[in-house]
Amino acid sequence: YGVASIGGRYSVLSKFGLVPAAAMGLDVKRLLETVRPMQRACGADVPPAENPGVQLGIAMGIAATRFGRDKVTIIASPGIADLGAWLEQLLAESTGKNGRGLIPLADEPLATPERYGKDRFFAYLELEGQHDPSQRQAMATLEQAGHPVARISVKDIWHIGQEFFRWEFGTAVAGSILGINPFDQPDVQAAKDKTNEVLASGVEPDVSPAGSADELFAQANEGDYVCIQAFVNPTAANEEKVLALAARAREATGCVVTHGFGPRYLHSTGQLHKGGPPTGLYLQVVDDTGDELQIPGKPFGFGKLIRAQAAGDFASLQERGRRVARIRLEDV
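Residues numbered from 1 in each chain as written. Predicted model: local features only at pLDDT ≥ 70, side-chain atom pairs only at ≥ 80, totals over all residues. Heavy atoms only, no water.

**Some remarks on the pattern of salt bridges**
Going through the model one piece at a time under the given rule, you end up with 20 salt bridges. The partner of glutamate 33 in a salt bridge is arginine 36, with the nearest N and O atoms 2.7 Å apart. Highlighted residues: glutamate 33 and arginine 36, both in helix 3 (residues 24-41), separated by three residues, approximately one helical turn. For glutamate 33, a relative accessible area of 42% corresponds to the partly exposed category. For arginine 307, the salt bridge goes to glutamate 204, with nearest N and O atoms at 2.6 Å. Within this pair, whereas arginine 307 is found in helix 12 (residues 302-319), its partner glutamate 204 is found in the loop between helix 8 (186-200) and helix 9 (213-217), the two being separated by 103 residues in sequence. (Salt bridge = Lys/Arg side-chain N within 4 Å of Asp/Glu carboxyl O. Helix = DSSP H or I, 4+ residues; strand = E, 2+ residues; numbered from the N terminus. Buried < 20%, exposed > 50% of the residue type's maximum accessible area, 1.4 Å probe, protein only.)

Laid out in structure tokens, this is it:
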């Protein structure tokens, strides 16, 4: 299970600098060696009170189902900050179905306790010897204010494999509490089917503006979240615009705000958007995809594929009765 996950999410290992191409086999072996103690600690014969995977899963599951704290906010030391994106995919894709789910968010700027609603559950992963004092202080302040904080200490960069296993195990436990199957992704395939329908029609995908950001934000209720879905070139300049839009959404609604560049998020948090709780407000951002670059063996290029994915996802959200709008990047 752990090996499959590590292989499937190799990019995370690359970002951490764990897998130089020249020594990939040796480094993966070393990584797996550090996983074994966590695998053993999560064994079926280990009592729940002593089982780290069970403890994490119960905490997330009970916080969501009993107390409405379904927004899992991930705070990680700078040296392992990229783990947040992996956890975001794991939690959203695994639990977002049957109208339920954990709504993860990473890379959110830290704020003071009064800026957070009662729908938050914080997970703080601290890299030993390399912690950020401001993060540690912020977590202490949040705890004092009554927010739940799960603290996890990561011994060193090689122990990141233990977190892969702990969180996979914990997500499965949380899924059991939520009453869903954490091992399928039915709505990811549905979005792919919609994209294929658009492409097969031979008609130019419709990505014209629909509604406005302000109209969408005005529909926000307590416990909702805003998701900004940017089908634009992920340049540094465009990321600044998306982050500015996220800040504007946070100020206008007081809700949790997530964001991602399409089509990457379609295969991660996209499952949550269509199959999870109906508490999301989805703002799709599009722009001119530029000159067409042909895809070998296909009657369309990459630009049309991106536009079809945007149109397909928009249609999938509408079919499920989600609150959704589309704007152009130049209007941000």
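There is more to say, and it comes next.
**Side note on unusual backbone geometry**
One can expect most non-glycine residues to show negative phi and most peptide bonds to be in trans. The backbone of asparagine 98 shows a phi angle near 55 degrees, a positive value even though the residue is not glycine. Within the fold, asparagine 98 resides in the loop between helix 5 (83-95) and strand 2 (103-106). Judged by relative accessible area, asparagine 98 falls into the exposed class, the value being 55%. The phi torsion at aspartate 107 lies on the positive side, around 65 degrees, for a residue other than glycine. For aspartate 107, the position within the fold is in the loop between strand 2 and strand 3 (120-127).

**A look at the environment of phenylalanine 217**
Within the secondary structure, phenylalanine 217 sits in helix 9. As for phenylalanine 217 and cysteine 255, which are separated by 38 residues in sequence, their C-alpha atoms are 9.6 Å apart. The contacts of phenylalanine 217, once residues within four sequence positions are left out, are Val226, Arg248, Ala249, Ala252, Thr253 and Leu283. (Contact = heavy atoms within 4.5 Å.)

**Concerning the packing of helix 8 against helix 12**
At a closest axis distance of 8 Å, the pairing of helix 8 and helix 12 adopts a crossing angle of 125 degrees. As far as their axial angle goes, helix 12 and helix 8 are oblique. In the packing of helix 8 onto helix 12, the handedness of the crossing is right-handed. Between helix 8 and helix 12, the contacting residues are Ala190, Ala191, Lys194, Thr195, Val198 and Leu199 on the first element and Lys304, Leu305, Ala308, Gln309, Gly312, Asp313, Ala315, Ser316 and Glu319 on the second. A breakdown of the residues in the contact of helix 8 with helix 12 according to their chemical character gives seven nonpolar, four polar and four charged. (Axes fitted to C-alpha atoms, helices over the stretch in contact; angles between N-to-C directions. Parallel < 35°, antiparallel > 145°, perpendicular 65-115°, else oblique. Left-handed = near helix turned anticlockwise from the far one by under 90°. Nonpolar A, V, L, I, M, F, W, Y, C, P; charged D, E, K, R; others polar.)

**A look at empty space enclosed by the protein**
In this approach a probe as big as a water molecule rolls over the atoms, and the regions it shows empty are the leftover space. Tallied over the entire structure, the rule returns two cavities of 30 Å³ or more. For the lining of the largest cavity, the secondary structure elements donating two or more residues are strand 2, strand 5 (225-231), strand 6 (256-261) and helix 11 (270-275). It is strand 5 that provides the largest number of residues to the lining of the largest cavity, a total of four residues. Here the residues of the lining of the largest cavity are counted per class, giving seven nonpolar, seven polar and two charged. Forming the boundary of the second largest cavity are Val207, Phe231, Val286, Asp287, Thr289, Ile306, Arg307 and Ala310. In terms of residue count, helix 12 provides more of the lining of the second largest cavity than any other element does, three residues in total. In terms of residue class, the lining of the second largest cavity is made up of five nonpolar, one polar and two charged. (1 Å grid on protein atoms, 1.4 Å probe; cavity = no way out; pocket = protein on both sides within 12 Å on 5 of 7 lines; lining within 4 Å. Points joined across faces, edges and corners; volume = space filled by probe spheres on them.)

**Points about the nonpolar core**
With 30 residues, the main nonpolar core has Met60, Leu87, Leu102, Leu125 and Trp167 as its most contacted residues. Those elements that provide at least two residues to this core are helix 4 (52-67), strand 1 (71-76), helix 5, strand 3, strand 4 (149-154) and helix 7 (160-178). If we ignore the near neighbours within four places in the chain, the residues touching tryptophan 167 are Leu56, Met60, Trp86, Leu87, Leu90, Leu91, Ala123, Leu125 and Ile152. (Core = buried A, V, L, I, M, F, W, Y, C linked by side-chain atoms within 4.5 Å.)

The analysis is restricted to geometry; functional conclusions fall outside its scope.
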